[in-house]
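So the chains spell out like this:
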Amino acid sequence: MTSRLPVVTVTYSPGDHLRAFVDTLPAATGRPVGLVMADNGSTDGAPEAVAAEYDFAEFFPTGGNLGYGTAINRAVTEISRRPEEFDQEFVLVVNPDVTFEPGCVDELLAAVRRWPRGAAFGPRIAETDGSVYPSARSVPTLGGGIGHAVLGPVWPGNPWTSRYLADQDMSTERAAGWLSGSCLLLRRSAFDALGGFDERYFMYLEDVDLGDRLGQAGWQNVYVPSSVIHHDQGHAAKSVPEFTLRAHHRSAYLFQADRHPHAWQAPIRWALKAGLELRCRLAIRSAERALR
């Protein structure tokens, strides 16, 4: 096989993280890779510098800060136009603040053979403090989501948060409701059939939405703990809490509103919107106090 395995990341002034990401990528798989950096308006020059230095990487400007899912979709469309260069069966979607353990992408590819209905394959995610991120979870329900959202910050051990984080088995290969979008090997036939990421999500929960839609279409989201990456999660969000918190709460509303679309469910949507708006304001206030 001579075509390259496509790898897509979204860049927005990623700084030093991007070089660490690119340096560890070749050892993650024995296959040749082609990295497409879908750039949403970087001003630090990091993506351009990487594209100039590494022959497997290319700079792909999206034309503006379009959001995460939209940028991924644009890059995948570009890959589709170049079948002589890129494998069209899979695409690896990864955040630029990830680093790879040797062979971890090959472990994801090996899992494909074990899970013929698998459409998304995600690795074990090691965080900077050495803990394992619970990256394979059940799809959140409205009741569980409300309980977790309202009580999680003040009562971490509440039943709803415990249930939301219940999928704590991070040592067993298994199917899950959804997988963290920080690193996903996606089967293109399934991804394309759904229209890719839902572009209404600017950032946050686009991975939950994708996993849920894949499951409803009869596919599986497969957690593969033999594949290990490292993720410096949340470093960017901490610097602009108001923007990221508003985006997170908008996405949370969109996810549940889509799943309660009927006219008779309008009061649920109204209550959800009001509750999330209140929670967002409180969260912003708390984050701003912490930054002072």
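If you're wondering where the values come from, they're calculated on a predicted model, not measured in any experiment. (Residues numbered from 1 in each chain as written. Predicted model: local features only at pLDDT ≥ 70, side-chain atom pairs only at ≥ 80, totals over all residues. Heavy atoms only, no water.)

This part is about the nonpolar core. Counting residues in each nonpolar core, the largest one holds 35 residues, and the members touching the most others are Phe21, Leu35, Leu92, Phe100 and Phe121. Broken down by element, this core gets its largest block of residues, 6 residues, from helix 4 (residues 104-114). The contact partners of Phe121, leaving out residues within four places of it in the chain, are Leu108, Ala111, Val112, Trp115, Leu179, Cys183, Leu184, Leu185, Arg187, Val222 and Val224. Membership of the second largest hydrophobic core comes to 29 residues, among which are Tyr68, Val91, Met170 and Phe191. (Core = buried A, V, L, I, M, F, W, Y, C linked by side-chain atoms within 4.5 Å. Buried < 20%, exposed > 50% of the residue type's maximum accessible area, 1.4 Å probe, protein only. Helix = DSSP H or I, 4+ residues; strand = E, 2+ residues; numbered from the N terminus. Contact = heavy atoms within 4.5 Å.)

Let us now look at the pattern of salt bridges. Within this structure, the stated rule accounts for 16 salt bridges. In this structure, Arg82 and Glu78 form a salt bridge, with 3.2 Å as the shortest nitrogen-oxygen distance. For Arg82, a relative accessible area of 14% corresponds to the buried category. The shortest N-O distance in the salt bridge between Asp258 and Arg200 comes to 2.4 Å. Of this pair, Asp258 sits in helix 9 (residues 241-258) while Arg200 sits in the loop between helix 7 (188-193) and helix 8 (206-216), and the two are 58 residues apart along the sequence. (Salt bridge = Lys/Arg side-chain N within 4 Å of Asp/Glu carboxyl O.)

Okay, the packing of aromatic side chains next. In the structure shown here, the tally under the stated rule is 5 aromatic pairs. Here Phe202 and Phe243 contribute two aromatic rings whose centre-to-centre distance is 5.8 Å and whose plane-to-plane angle is 90°, an arrangement assigned as edge-to-face. Placement of Phe202 in the loop between helix 7 and helix 8 and of Phe243 in helix 9 is noted, with a sequence separation of 41 residues between them. An aromatic cluster of at least three residues, connected via ring pairs, comprises Tyr68, Phe191 and Phe197. Positioned over the ring face of Trp219 is Arg117, at 4.1 Å from the centre of the ring. The ring centre of Phe255 lies 3.7 Å from the NZ or CZ of Arg259, which sits over that ring. (Phe/Tyr/Trp six-rings, centres within 6.5 Å; stacked < 30°, edge-to-face > 60°. Lys NZ or Arg CZ within 6 Å of the ring centre and 35° of its normal.)

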